[in-house]
Every structure is written in structure tokens, then in C-alpha cells.
Amino acid sequence: MAHAKFPVEVLSPEGEVFNGEVEMVSTRTTVGVIGILARHAPLLATLEPTELRLYKTETEVVRFAQAEGYLQVGDNHALLLVEEAHPLADLDAHELRERLRVAEEEIEQAGEDTERRQVAERDKRRWERFLSLTE
Amino acid sequence: MPQSQRDVRNRITAVKNIEKITRAMAMVAAARLNRAEQRIHALRPYASAIRRMTRQAAETAGAVPSVPILQEHAEVGTVALLFVAGDRGLAGAFNSNIVRAGIAAGREHEDAGRRVVYFASGRRVASSLTFRRIALADSFTGFTDRPSYADARRIAERLMAIYLDGEVDQVEVFYNGFVSVISQFVRRETLLPLQRATVIEAGPLEEPASGARPQRVVPEYEPDAAAVLRRLVLDYVEISIYRALLESTASEHGARMTAMRHASDNAGELIQDLTLQMNRARQAEITKEIMEVVAGAEGLG
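What you are looking at is a predicted structure, and each value in this text was computed from that prediction instead of being measured.

The rules behind these values
Residues numbered from 1 in each chain as written. Chains lettered and ligands numbered in written order. Predicted model: local features only at pLDDT ≥ 70, side-chain atom pairs only at ≥ 80, totals over all residues. Heavy atoms only, no water. Pairing = 2+ DSSP bridges. Helix = DSSP H or I, 4+ residues; strand = E, 2+ residues; numbered from the N terminus. Axes fitted to C-alpha atoms, helices over the stretch in contact; angles between N-to-C directions. Contact = heavy atoms within 4.5 Å. Expected span 1.5 Å × (residues − 1). Buried < 20%, exposed > 50% of the residue type's maximum accessible area, 1.4 Å probe, protein only. Arc of directions from axis to C-beta. Polar contact = N/O pair within 3.5 Å; in protein donor to acceptor, adjacent residues only side chain to side chain. Core = buried A, V, L, I, M, F, W, Y, C linked by side-chain atoms within 4.5 Å. Buried area = accessible area lost by both parts, 1.4 Å probe. Salt bridge = Lys/Arg side-chain N within 4 Å of Asp/Glu carboxyl O. Nonpolar A, V, L, I, M, F, W, Y, C, P; charged D, E, K, R; others polar.

Which residues make up the sheet that holds strand 8 (residues 69–74) of chain A, and what values go with them?
Strand order in the open sheet formed by 6 strands is 2(A)-1(A)-9(A)-8(A)-5(A)-6(B), with mixed pairing between adjacent strands. The two strands at the open ends of the sheet, each matched to only one other strand, are strand 2 (15–22) of chain A together with strand 6 (220–222) of chain B. Going across the sheet, the axis of each strand differs from the next one's by a mean of 10 degrees, ignoring polarity. Pairing geometry for strand 5 (residues 43–47) of chain A and strand 8 of chain A, over 5 bridges, is antiparallel. If you follow A45 of chain A over to strand 8 of chain A, its bridge partner there is L71 of chain A. Packing against the sheet, helix 1 (residues 5–61) of chain B makes contact with strand 1 (6–12), strand 2, strand 5, strand 8 and strand 9 (77–82) of chain A together with strand 6 of chain B, and its axis sits at approximately 110 degrees to strand 9 of chain A. The strands touched by helix 6 (residues 225–300) of chain B within the sheet are strand 5 and strand 8 of chain A together with strand 6 of chain B, with strand 8 of chain A carrying the most contacts at an inclination of about 130 degrees.

Could you give me a rundown of helix 1 (residues 93–109) of chain A, with the residues and numbers involved?
All names here are of chain A. Taking 1.5 Å per residue, 17 residues should reach 24 Å; helix 1 reaches 24 Å between its end C-alpha atoms and fits that length. Taken together, the buried positions of helix 1 are occupied by L96, L100, A103 and I107. Angular distribution of buried residues about the axis of helix 1 spans 65 degrees; they occupy a single face of the element. Facing away from the buried side of helix 1, by more than 90 degrees, are the exposed residues H94, E108 and Q109. Along its buried surface, helix 1 packs onto helix 2 (115–134). Where helix 1 begins, the capping side chain belongs to D92, and its oxygen is found 3.0 Å from the backbone nitrogen of H94.

Give a detailed account of the nonpolar core, specifying residues and quantitative values.
In this structure, L81 of chain A together with I69, L159 and I241 of chain B are the most contacted members of the largest nonpolar core, which totals 60 residues. Of all the elements in the fold, those that place two or more residues in this core are strand 9 of chain A together with helix 1, strand 1 (78–84), strand 2 (115–121), helix 4 (149–164), strand 4 (170–178), strand 5 (184–192) and helix 6 of chain B. The element contributing the most residues to this core is helix 6 of chain B, with 15 residues. Contact partners of L81 of chain A, with chain neighbours within four places excluded, come to L11, E68, G69 and Y70 of chain A together with Y46, A49, I50 and M53 of chain B. Ranked by size, the runner-up nonpolar core spans 21 residues in total, among them V10, V25, L54 and F64 of chain A.

Which residues make up the interface of chain B and chain A, and what values go with them?
Across the boundary between the two partners, chain B contributes 37 residues, which contact 39 residues of chain A. Regarding the contact of chain B and chain A, the summed buried area is about 3,100 Å², with carbon and sulfur atoms giving 56% of it. Considering only the surface of chain B that becomes buried against chain A, M53, E222 and R231 of chain B emerge as the three largest contributors, covering 22% of it. Linking chain B with chain A are 7 salt bridges. Residue R126 of chain A pairs with E157 of chain B through a salt bridge whose shortest N-O separation is 3.9 Å. For the pair chain B and chain A, the number of links is 17 residue pairs in polar contact (both at pLDDT 80 or more). At the level of secondary structure, the elements contributing two or more residues to the side of chain B that touches chain A comprise helix 1, helix 4, strand 6 and helix 6 of chain B. For the side of chain B that touches chain A, the class distribution of residues is 21 nonpolar, 5 polar and 11 charged. The pairing of strand 5 of chain A with strand 6 of chain B spans 3 bridges and is classified as parallel. Each residue of the ladder has a partner; that of L44 of chain A, found in strand 6 of chain B, is Y221 of chain B.

In C-alpha cells:
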């Protein structure tokens, strides 16, 4: 059964990533995986790195690798602000593995309970998620 | 002694080649400048959406929570200076302006008894600081032609981490602010501690973009308004750095374009002068030959 469509906007600091009508948005917030359909209740959530799926129809899905960001839903409109959004084909497994290695080194070097370590752990998680999307 | 015609001709060829190169560089810089300006514009909708969200979350949370990067350290003992400039030279005073302003500020801090830690973005700045025997805590290079948000995040995370871990008590950034192609000037901003005013009352709120209507209903927060707000605040630092990188890139291309235009104009003038010199040398040679012929004829007669 076809679902009702609603407008979705995806913005990154480097410009507009997506702007159009979709049936469903699937992403991951700090709390967990979330699917947004039309007429969803107002929401403001923080997003975690994951695969962002925009279902234009049940079979036509636009996919992105999404970094941290925010999701705002209201007035039957969804706005996603993401730090990075790459089409899956643009991901470079080799480069991601290298970044992952750098992040792991940072974790080794940084002391316990430092902000530096938290930053490195956040980086590590992001690159791991992105890397899993290349497979 | 007049130069021989051949010498002058060689110099003309050389200068003409240089002129070709500088003209090409000016054109490349103009094209890149265009792109860099577009990227500054592309950031606006994102930045103002973040600002709207912050305001909304702040209203719900009641007040800005005590986020560590908003808190001033009781005593400023160590200052970190971030110099933002280019990876490459040939852009007039673009790089040296930053180095000069930054080093002067570093001296001020040292005179006031504070320790200074230097960070550089751009290979040129990094190397000129090393040349002056100023130790760099870290340098970020290889992206100044086209900085990405990930580059800005890397720098911001590093600076926030040393601030939060108490290694430094203040962070200042120096970059070439972009006003127009011919007008760029060094901007000095205090990045950390982040000013409460920049987060909450950052100028007049821009009209929301189409579709993103302000909400009247209080939304549900995941996890909660204060937590969302804490993360939003960190984004201000990243966006500030990203904007500095973008403006610096636009300024770099603008400065290079101007510098290369001047160089091409100078080359044109030089070619005119040299052509004149070559004509004179040729005339001198002809005159000399006529004199010899006349003298020879006279000798015979």
C-alpha cells in the first residue's frame, strides 16, 4: 500500500543534499533507529552516523551515509541537518580504514576521561559505521 | 654598454612566457573564487537552521545549560592561536598578513605573561612559522583549496579538546575575512570560550527557508532539550571554523587573482620597455655599419 508523502529537506554545511517528497525517512537518533512517516508528531532529535534512507516509494530508495546531525519534524515536514552526507557510491573503503586507524591511534594515546579520547571514540564510531556501509 | 639584440630578444621571450603563466593563474583563481563564494552561500541555510534550532531548544530548556566550552577559565595562563591561510604562495600578502598579525598577537600575550601555543592551517603558514623557529603544536594542511566540513570539524575538535582538557584557557583564530575580490582583511576572533551571546542572540534571525516553518507546538526531544542544546553549542565552534576556512579560501583566490593580474600588467610594461631597448640596439648596430661603410669609402677616395 502506498503511503502518504511529505516534504523532506536534508541540509549539510556544504549545501542542500536532498529536497523532495518521500513516503518514509529512516535514520538513527541517539535513542535508536527511527522511521518517520507523514504526519509524525513534532520532534527534535540528535542523529548518529548511520545509513540514511529516503523512501520515495517502497522500491525507490535514496541512500546516504550520514554523519552526526539533527532531525526536526513538525507541520508534516522533516528537516535533517547533517554534518556530512555522502552517496554510498562515494565512500572510499580504503580511506575510511585509514581514518579509522588514525582514530584508534588517538584513543591509544589519549588519557582516560579526556575530551580528546571522547572525540577520538566518536570519530572511530563514525568511520566504523561508514565502513560497514561500503560492504 | 648597449645589450646585444639577441640578449634583449631572449629576455622578451622569457617575460612573454611568464606573462602567459600569470594570466592563466589569474583566470584559474577567478574560477576558483567563484566556487569558493558559492560554498560560503551554501553554508547559510544550514547555519541559520542550526541557529533556529538552538533558540527553540533554549526556550524549552529554559536556559542555556552550563556547557564547559561556554565557561571561561578563571585564569588565562595559556592561549592557543590558530593561523588560517593557504597551502600555496603567489597570492600577494595573503599569507604574510596572517603570520604578521598572529605573531604580533603572540608577542602581546607573551608580554602579558601568558604562554602561547601555535596551530596552523595551511602549508605556507606552517613553514613560515617553522622558519621563524616558532614551534607548532599541530598543523592542518592539504585542503585550503577546497576545505570540507570534515576538515573544519577535525580542527574544531582538536581545539575544543585542549580547551576542555584544560591545556589552554583561550583560543583565538586569525584569518583573512572575505569582503570582496579587492577587499580582504585580517580578522581576529576569540573562538573559545564561546560567547553566550553568539549562541543565543546571534544577530537578527534570518527568515526561515521555504518549508522550514517555525513550530508552534512544543516538540518531543530525543534525548532531552538540554542534551540537544549541549550538542548544538559544539556545532557553533565547528561552523565558526568552517566559515573561517571558507572565507580564507575565497580571500586566497581573490588575492591570487589580483596579484597575478598585477604581475601580468607588469610583464606587459616590461615587454614594451624591452622592445624599445631592442629597437634602439638594432638602430645602433645599423648606424655603426653605415659609419663603417662611409669611413671605408672616404679612405678609398
